[in-house]
Amino acid sequence: MALSRLDANDSFRTQAYLALKHAIAGMDLYDHPGEIRLDERQLCRDLGVSRTPIREALTVLEQEGFVLTLPRRGIFVRRRTKRQIVEMVQVWAALESMAARLAAARATAAEIAALRDLFTGFDGRPAAEIEGYSDANIAFHRAIVRLGGNGLIIARTADLFLQIDAIRRRTIREADRADRSIQDHLRIIAALERRDADLAARLDRDHTLGLAEHIERNCHFLA
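Computed from a predicted model, the values in this text were never measured in an experiment.

Parameters and conventions
Within each chain, residue numbers correspond to sequence positions counted from 1 in written order. At least 70 in pLDDT is required for a residue's local features to be given in this predicted model, at least 80 for side-chain atom pairs to be given and counted, and no such filter applies to totals for whole chains, interfaces and linings, which use all residues. Values shown for side chains rest on all heavy atoms present in the structure; no hydrogens or waters enter the calculation. Here a cavity denotes a set of grid points, spaced 1 Å apart and computed over the protein atoms alone, in which a 1.4 Å probe fits but from which it cannot get out, and a pocket denotes an open set meeting protein on both sides within 12 Å along at least five of seven lines; residues with an atom within 4 Å of a point are reported as lining. Grid points are joined across faces, edges and corners, and a volume is the space filled by probe spheres set on the points. A run of H or I in DSSP counts as a helix once it spans at least four residues, and a run of E counts as a strand once it spans at least two, with each numbered from the N terminus. Each residue gets one of three labels, nonpolar for Ala, Val, Leu, Ile, Met, Phe, Trp, Tyr, Cys and Pro, charged for Asp, Glu, Lys and Arg, and polar for the others, Gly among them. Each residue's exposure class comes from its accessible area (1.4 Å probe, protein chains only) as a fraction of the maximum for that residue type: buried when under 20%, exposed when over 50%, partly exposed otherwise. What makes two residues a contact is simply this: any of their non-hydrogen atoms within 4.5 Å. How far each domain reaches was decided by an automatic or database domain assignment. Once two parts are put together, the accessible area they lose, assessed with a 1.4 Å probe and summed over both, is termed the buried area. Any Lys or Arg side-chain nitrogen located within 4 Å of an Asp or Glu carboxyl oxygen qualifies as a salt bridge. Definition of a polar contact: a pair of N or O atoms within 3.5 Å, with one able to donate and the other able to accept a hydrogen when the atoms are protein atoms, and with sequence-neighbouring residues admitted only if both atoms are side-chain atoms. Take the residue count of a helix, subtract one, and multiply by 1.5 Å to get its expected span.

(A) Quick peek at the layout of surface pockets. Estimates place the volume of the largest pocket at around 400 Å³. Looking at the largest pocket, it is lined by 19 residues, and the ones nearest its centre are Tyr-30, Pro-33, Arg-79, Arg-80 and Ala-223. Taken together, the elements giving at least two residues each to the lining of the largest pocket come down to strand E2 (67–70) and strand E3 (74–77). Looking at the lining of the largest pocket residue by residue, the classes come out as 11 nonpolar, three polar and five charged.

So this is what it looks like as structure tokens:
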């Protein structure tokens, strides 16, 4: 887990919570079958704080579903089951498709053009061979939600994105998903440029539900 010492000028509990949350989200949780146990003493040393803010941060993270406490065993990073991940992706599809509908009316031409800039150098090339496409993919989905301008959708999708980032980064490398992802994104952008809210929402929803279907059919490593 990649961590750096906290800034004494801010709330240690808040900093510890954010540091641990983003470190967990950045881990490749499904790359190996072994459990990932968190050592409170090691976290204290890594972050340079006492156990109190670490424990407070872990309590919140458990409430949010990022970690799990097992009696007499300790605290573990929580892996989601296949069914749980599929359900989260389905909720994400519903929320982001509404954001795309709103973005078709609200986003400026410059903001939509910036979406195209995310894929400069990728279109027409085998995306699976291009380092950094996964980051562009995630940035695109976050941008669609932001351009929708609905604060509640932005808030509700924030943790969803973090909790499924690991599976998104893994599945984008499988089969031809990266190449198809680029084409899907460009079609969504074209619909936004035409201000076709119905089409933008449908394309965005179908694109994301495609991930849910891929996980259901192919991610046999999930419980």
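(B) Main features of the side chain of Glu-40. Here Glu-40 is to be found in helix H2 (residues 40–47). Exposure remark for Glu-40: the relative accessible area of 18% places this residue in the buried category. Discounting residues that sit within four places of it in the chain, Glu-40 has contacts with Arg-51, Arg-55, Leu-58 and Ile-75.

(C) Highlighting the domain arrangement of the protein. Structurally, the protein comprises domain 1 (12–77) and domain 2 (82–218). With centres defined by C-alpha atoms, the gap from domain 1 to domain 2 works out at 28 Å. At the boundary of domain 1 with domain 2, total buried surface from both sides reaches about 820 Å², with 55% on carbon and sulfur atoms. Summed over the three residues of domain 1 that lose the most area to domain 2, namely Ala-25, Tyr-30 and Phe-66, the buried surface amounts to 57% of that side. Linking domain 1 with domain 2 are one salt bridge, by the criterion used here. On inspection of domain 1 and its partner domain 2, the count reaches two residue pairs in polar contact (both at pLDDT 80 or more). Here the side of domain 1 that touches domain 2 is composed, by residue class, of five nonpolar, two polar and four charged.

(D) A look at the environment of Gly-132. Topologically, Gly-132 is positioned in the loop between helix H5 (109–117) and helix H6 (133–148). Remark: the alpha-carbon pair of Gly-132 and Phe-122, spanning 10 residues in sequence, is separated by 9.7 Å.

(E) Local environment of the environment of Ala-57. For Ala-57, the location among the structural elements is in helix H3 (residues 51–63). Accessibility expressed as a relative area gives 1% for Ala-57, which makes it buried. For the pair Ala-57 and Ala-212, spaced 155 residues apart in the sequence, the C-alpha separation amounts to 31 Å. Beyond its immediate stretch of four places on either side in the chain, Ala-57 contacts Arg-13, Ala-16, Tyr-17 and Leu-20.

(F) Fine view of unusual backbone geometry. The backbone of Arg-72 sits at a positive phi, close to 65 degrees, despite the residue not being glycine. Among the structural elements, Arg-72 can be located in the loop between E2 and E3. In this structure Arg-72 comes out as exposed when scored by relative accessible area, which is 86%. With a phi angle near 60 degrees, Arg-195 is a residue other than glycine that sits in the positive phi range.

(G) Examining helix H1 (residues 12–25) more closely. For H1, built from 14 residues, the straight-helix expectation of 20 Å at 1.5 Å per residue is met to within 8% by its first-to-last C-alpha distance of 20 Å. Considering only its buried residues, H1 is in contact with H2, H3, E2, E3 and helix H7 (151–171).

(H) Quick peek at the pattern of salt bridges. Under the defined criterion, the tally for this structure stands at 14 salt bridges. Close ionic contact of Arg-83 with Glu-216 constitutes a salt bridge, the shortest N to O distance being 2.6 Å. Of the two residues, Arg-83 sits in helix H4 (residues 82–106) while Glu-216 sits in helix H9 (residues 197–218), which places them 133 residues apart along the sequence. Arg-168 is the salt-bridge partner of Asp-165, the closest N and O atoms lying 2.7 Å from each other. With a gap of three residues between them, Asp-165 and Arg-168 both fall in helix H7, about one helical turn apart.

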